[in-house]
Amino acid sequence: MLGNVMQISMTSQRRSELTCTLRRKQHQEDRKSEGTPKKQELEPGFPVASLCLSCMRMSFGLTFKRTAKVRWRANFSQQCSLRSTGLFVPPSPPLDTEKVKELQRFITLSKRLLVMTGAGISTESGIPDYRSEKVGLYARTDRRPIQHGDFVRSAPVRQRYWARNFVGWPQFSSHQPNPAHWALSNWERLGKLHWLVTQNVDALHTKAGSQRLTELHGCMHRVLCLDCGEQTPRGALQERFQVLNPTWSAEAHGLAPDGDVFLTEEEVQSFQVPSCSRCGGPLKPDVVFFGDTVKPDKVDFVHKRVNEADSLLVVGSSLQVYSGYRFILTAREKKLPIAILNIGPTRSDDLASLKLDSRCGELLPLIDPR
């Protein structure tokens, strides 16, 4: 069992092959076994990952222009393959063989494992995070995420947000799972993972096939009306944006987490924002903005999953946000063993029996969940 753990020098080609193998297994086997929760829904025709990691691309410096065929086109500059996603991944030490063995023992002993993931698991898919040292949004810029109260109260704030999101959406929605997402999906398929709680809103766990999943902060692939509560797919809203802004164009000035790009105020001023097609109310992505709170019923649901678990693994989260940190406190009260995989310190390092500073996509595929 520990033989695979010793192969610390796994090449990028081998990791790509492993990713494809995990994906093929998941699509070949029937996952609708008794007691399996209904698969999380994104939107009609939502694409499941179909490319190997070595074939995927990520791009920066987006420019949106109107084409002759009345479709929006993204012109990408500074293209690079996902082998270069170190742009958003903080530096980390080489994998420690003994630490990997300890994590293998931790997973082997776990029978009802709960995993909580954060932005650090998705940086290797090309999505920046907020807090990583040197490469997170806070380290790279003086910009801060939108606040819930500002969005709800101010139409100009909503206009600026949706203009930026409109430009960034094609890129954000195209991101694909990396080996860490596929590994956790495989753990679920093999019966190792009891429940997965993610603080991310990028839908990458769903794309990887995870079903025993709670999206703690919601999902960017859904849109919510603030007045009547109507939910619609984000892709449908993109089409409405296009119809309302037939001559609008803008050039992005950098990437931000959660689907944002940076635009100038001049570009934003002429952008038209649609209202709810059902009641005319303002639209908001179905996510928890900063300054908002997670719904109590969702918090209660996750607490129940923690109480059912016999161990907890944190993957790619500094746990600085209380909405996720509180479940670590619950696990500690239950005296559950806690392991943390995250580059850099976290809020709960002193509560963990095991801490690893490694890339999620390099380490998790090395672990045998059986």
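Everything discussed here concerns the structure shown above.
Residues numbered from 1 in each chain as written. Predicted model: local features only at pLDDT ≥ 70, side-chain atom pairs only at ≥ 80, totals over all residues. Heavy atoms only, no water.

**Remarks on the packing of helix α5 (residues 155-174) against helix α8 (residues 234-244)**
Axes are the key here: two packed helices are described by the angle between their axes and the distance separating the axes.
Thought 1: It is the contact of α5 with α8, at a shortest axis distance of 11 Å, that shows an interaxial angle of 115°. Put simply, α5 runs roughly perpendicular to α8. When you trace α5 past α8, the crossing you get is left-handed. Between α5 and α8, the contacting residues are Trp 162, Asn 165, Phe 166, Trp 169 and Pro 170 on the first element and Arg 234, Gly 235, Leu 237, Gln 238, Phe 241 and Gln 242 on the second.
Thought 2: Here the contact of α5 with α8 is built from residues that sort into 6 nonpolar, 4 polar and 1 charged. (Axes fitted to C-alpha atoms, helices over the stretch in contact; angles between N-to-C directions. Helix = DSSP H or I, 4+ residues; strand = E, 2+ residues; numbered from the N terminus. Parallel < 35°, antiparallel > 145°, perpendicular 65-115°, else oblique. Left-handed = near helix turned anticlockwise from the far one by under 90°. Contact = heavy atoms within 4.5 Å. Nonpolar A, V, L, I, M, F, W, Y, C, P; charged D, E, K, R; others polar.)

**Concerning the nonpolar core**
Thought 1: Among the nonpolar cores identified, the biggest contains 28 residues, and Trp 162, Trp 248 and Leu 263 are the most heavily contacted of them.
Thought 2: Only α5, β6 (218-225), α8 and β9 (283-287) provide two or more residues apiece to this core.
Thought 3: Looking at this core element by element, the count peaks at 8 residues for α5.
Thought 4: Of all hydrophobic cores here, the second largest spans 26 residues; its members include Leu 95, Leu 103, Ala 183 and Cys 360. (Core = buried A, V, L, I, M, F, W, Y, C linked by side-chain atoms within 4.5 Å. Buried < 20%, exposed > 50% of the residue type's maximum accessible area, 1.4 Å probe, protein only.)

**Thoughts on the sheet that holds β6**
Thought 1: The strand order across the open sheet formed by 3 strands is β7-β6-β9, and the pairing between neighbours is antiparallel. With one partner strand each, in any of the chains shown, β7 (231-233) and β9 form the two edges of the open sheet. Averaged over all pairs of adjacent strands, the angle between strand axes in this sheet comes to 45°, irrespective of strand direction.
Thought 2: Summarising the sheet, β6 and β9 pair through 4 bridges and their orientation is antiparallel. Across the sheet, Leu 224 pairs through a bridge with Lys 284, a residue of β9. (Pairing = 2+ DSSP bridges.)

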